[in-house]
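Now for the letters of each chain:
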Amino acid sequence: MTTHPPCFLILTVGTGTAGKESNLAAGLRNTIEMTQPRKFWLIPSTNETSTTTADLIREGFDTFVPWSDTQPYLSIENPDSLAHSRSLVRTVIAVARKQLTSQETLIVNPTSGTKQMSAGATLAALDEGIGILHFTIGKRADGVVITGTEQIEAFNASEYFAERDLETARKLYQAGSLVAAASILERHPELAAQASIAKCCHEWERQNYVEARRIASQSSSESLVRLRPHLESLAIAAKKTEADPLIVADLLQTAEVWLSRNDTETTLTIACRALEMGLRLALARETGLVEPYQVSQIENLQLSIPLRERCVNPSRDGKTTILGLDNIARILQEKQNRIGESYFEIRGVRASVAIRNELMHQIRAVSSSEAQTALESISHMVEPLELPRPPHRPASL
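Rules of the game
Residues numbered from 1 in each chain as written. Predicted model: local features only at pLDDT ≥ 70, side-chain atom pairs only at ≥ 80, totals over all residues. Heavy atoms only, no water. Salt bridge = Lys/Arg side-chain N within 4 Å of Asp/Glu carboxyl O. Helix = DSSP H or I, 4+ residues; strand = E, 2+ residues; numbered from the N terminus. Buried < 20%, exposed > 50% of the residue type's maximum accessible area, 1.4 Å probe, protein only. Axes fitted to C-alpha atoms, helices over the stretch in contact; angles between N-to-C directions. Parallel < 35°, antiparallel > 145°, perpendicular 65-115°, else oblique. Left-handed = near helix turned anticlockwise from the far one by under 90°. Contact = heavy atoms within 4.5 Å. Nonpolar A, V, L, I, M, F, W, Y, C, P; charged D, E, K, R; others polar. Phe/Tyr/Trp six-rings, centres within 6.5 Å; stacked < 30°, edge-to-face > 60°. Lys NZ or Arg CZ within 6 Å of the ring centre and 35° of its normal. Core = buried A, V, L, I, M, F, W, Y, C linked by side-chain atoms within 4.5 Å. Expected span 1.5 Å × (residues − 1).

J.: Sorry if this is basic, but what is going on with the pattern of salt bridges here?
T.: As a working rule, side chains carrying opposite charge can pair if their charged atoms are close by. Enumeration over the complete set of coordinates arrives at 23 salt bridges. The salt bridge involving Asp 250 is made with Arg 393; its shortest N-O contact spans 3.1 Å. Of this pair, Asp 250 sits in helix H10 (residues 245-260) while Arg 393 is found in the segment after helix H17 (368-381), placing the two residues 143 residues apart along the sequence. Relative accessible area serves as the criterion here: at 0%, Asp 250 is assigned to the buried category. For Arg 393, a relative accessible area of 13% corresponds to the buried category. Between Glu 276 and Arg 280 there is a salt bridge whose closest N-O contact spans 3.1 Å.

J.: Before we go on, may I ask you to explain the packing of helix H9 (residues 222-238) against H10 in this structure?
T.: Two numbers describe a pair of packed helices, the interaxial angle and the distance between the axes. Relative orientation of the contacting elements H9 and H10 amounts to 115°, with a least axis distance of 9 Å. Here H9 lies roughly perpendicular to H10, going by the angle between them. Crossing of H9 over H10 shows left-handed handedness. Contacts from His 230, Ser 233, Leu 234, Ala 237 and Ala 238 in H9 reach Leu 246, Ile 247 and Asp 250 in H10. Grouping the amino acids of the contact of H9 with H10 by side-chain chemistry returns five nonpolar, two polar and one charged.

J.: Can you walk me through the packing of aromatic side chains in this structure?
T.: Any pair of aromatic rings gets described here by the distance separating the centres and the angle formed by the planes. Applying the stated criterion across every chain, the model contains six aromatic pairs. Ring geometry for Phe 40 against Phe 61: centres 5.6 Å apart, planes inclined by 90°, an arrangement best described as edge-to-face. Of the two residues, Phe 40 sits in strand S2 (residues 39-44) while Phe 61 sits in the loop between helix H2 (48-58) and helix H3 (82-97), which places them 21 residues apart along the sequence. Under the relative-accessibility criterion, Phe 61 is labelled buried at 19%. Here the aromatic residues Phe 40, Phe 61, Phe 64 and Tyr 73 are joined through ring pairs into a cluster of three or more. The side chain of Arg 261 reaches across the aromatic face of Trp 258, ending 4.6 Å from its centre. The cationic tip of Arg 393 hangs over the ring face of Trp 204; the distance from NZ or CZ to the ring centre is 4.5 Å.

J.: Help me understand the nonpolar core, please; the structure alone is not making it clear to me.
T.: In a soluble, globular protein the nonpolar side chains are often hidden away together inside. Counting residues in each nonpolar core, the largest one holds 74 residues, and the members touching the most others are Leu 275, Leu 279, Tyr 343 and Met 381. Beyond its immediate stretch of four places on either side in the chain, Met 381 contacts Leu 275, Leu 279, Ile 339, Ser 342, Tyr 343, Ile 346 and Val 349. Counting 20 residues, the second largest nonpolar core, distinct from the first, contains Leu 74, Leu 88, Val 92 and Ala 124.

J.: Sorry, what's going on with helix H4 (residues 115-127) here?
T.: An α-helix turns once per 3.6 residues; consequently, residues spaced three or four apart project the same way. The end-to-end C-alpha distance of H4, which contains 13 residues, comes to 18 Å, matching closely the 18 Å that a straight helix rising 1.5 Å per residue would cover. Three or more residues of H4 are buried, namely Met 117, Ser 118, Gly 120, Ala 121, Ala 124, Ala 125 and Leu 126. Turning to H4, the residues buried within the fold contact strand S1 (7-13), S2, H3, strand S3 (105-109), strand S4 (132-137) and helix H5 (158-175). Taken from the residues just after H4, Gly 129 is the one with a positive phi, measuring 75°.

See below:
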C-alpha cells in the first residue's frame, strides 16, 4: 500500500467504462484507501451516473468534505470542455488549500473522467503549483483497470515547475528585471546558482560592489566563480576616497547594459556618473587633489584669478570646498589636460550633463538618441585615461 500522509486529496469522478472485472466506484475507493488523506474532495460531472458514482465512493468515509451544507460536490457542468474543467478544479484547489497545514500536501488525482476533465484537472494542478499528481493504474482488462489491482503512480511536478520558472526568469533577466528573476528562482533550491547570478548582477548594477562580491563568493555558478577576482577589485576600489579607473570603466559598462535594454534614463544617469568619476580621476592624476578638496591646495595650483575665485568657495569649516564638474574641467583645461579640453570640445558631453540635471528637477523623458549620445561622447572623453577593460558579465542565466 502506497501512503502519502499527511495529505489532502482531490479526485475527479467520471461515469466509468464497463468491464467484467472493473468497478469505478470500488476502484476509486481503493485509491482513497491507498492514499489515506486527512480530507478529500470529489469532483464529478453533473451527469447522473457520475454523481451516483461519487455518492458510492464517499459512502462511509468521514474524511470526505462536502462542497457546502446543501451541495456535496462542485460538479463539472460541461465535462467535454477543458477550459471549464480547468477553471472548476482550480476553484476546488483554492478552497482545499486554505485548510492545509504547513506539514500537509495537496494531491490531485485526475485519473477518472472524460479526457477533457483529466486534462483540465492536470492543468489546474500545475496552474496552482500543486507539486504532486497521482494517477491510478493497475492491470487492465477490456481497456479499464481491474478492480483490486489498483496502484498509485505519482508524478512530482517540481522539475516541471523549475523548468517553467527558469524560462520565465531568463526572460526577466534579459529584460533587466533581475530582482524579479531572482525571486522566482529562489523557490527552487536546485536553481540556487542561477538565482545567485541574478542577485549578484542586480547589486553589481547598482554599484553595491561589496554585496555583489559576497554573493559571488558564496555562489556555485561558474560564471560568478570566474568573476570573483574582478568583483573583489571593484569592492576594494569602491572603498577608496579617490576615484579609481576600474570604477569608471565599470560604470561605462553598466551604462552599456542599460542601453541594450532601452532604459534610456538609467543609461544617461550612469554615463554621467562615469563622467564625474573620470573627471575626478583626471584631476587626481594631474594635480594630486582628491576629495575633500582643500582650499589651500587649490590656491597652490597657480590658477588664473577668475578660476581660483570660482573654485574657492569655502565650506563652514573654512578649509574645504566643493568642486563641480565644470570647475574640475576648467582646472584641467588650464593645465592643458586633454580630459578637461574634451569636456568642452566634444559635442554631447555638457548637453548630457544638462539633461541629467533636468531629470533631477523636471518631468522629462530621455530619448534613445540622447542616451546613445551620452554614452558615446563620455566614453570618448575619458579615452585618455586608458581605462581597463572589464570582463563580460553573465549574458544569461
